[in-house]
Amino acid sequence: MAKPIQATPILRGKDAERFVKQLIKEEKTPSKARVNFIRNALSMKGYFSRFL
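Participant: Can you help me understand helix H2 (residues 32–43) in this one?
Facilitator: Side chains three or four residues apart in an α-helix point the same way, a direct result of the helix having 3.6 residues per turn. Along its twelve residues, H2 runs 16 Å from first to last C-alpha, staying within 8% of the 16 Å computed at 1.5 Å per residue. The buried count for H2 comes to zero of twelve residues, which makes it a mostly uncovered element.

As structure tokens, this is what we get:
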């Protein structure tokens, strides 16, 4: 039997502000790791689409 899924905590105050600032920064200038991850995912798209 599967374990129940825990609810994601809601960010408030300074944590929420920090999260939004990091998100905006990452959207404007994505890290090399994120760019590589997206490139890898796009290159594997054809492989995984055959399972749908």
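Participant: Explain a nonpolar patch on the surface to me, please; I cannot follow it from the model alone.
Facilitator: Side chains of Leu11, Phe19, Val20, Leu23 and Ile24 sit close together on the surface and give an oily, nonpolar patch of about 420 Å² of accessible area. Topologically, Leu23 is positioned in helix H1 (residues 13–28). Residue classification places Leu23 among the partly exposed residues on the basis of a relative accessible area of 39%.

Rules behind the numbers
- Residues numbered from 1 in each chain as written.
- Predicted model: local features only at pLDDT ≥ 70, side-chain atom pairs only at ≥ 80, totals over all residues.
- Heavy atoms only, no water.
- Helix = DSSP H or I, 4+ residues; strand = E, 2+ residues; numbered from the N terminus.
- Expected span 1.5 Å × (residues − 1).
- Buried < 20%, exposed > 50% of the residue type's maximum accessible area, 1.4 Å probe, protein only.
- Patch = residues over 30% accessible without salt bridge, like charges linked within 9 Å, V, L, I, M, F, W, Y side chains within 5 Å.
- Areas by Shrake-Rupley, 256 points an atom, 1.4 Å probe, with all protein chains shown as cover.
- Salt bridge = Lys/Arg side-chain N within 4 Å of Asp/Glu carboxyl O.

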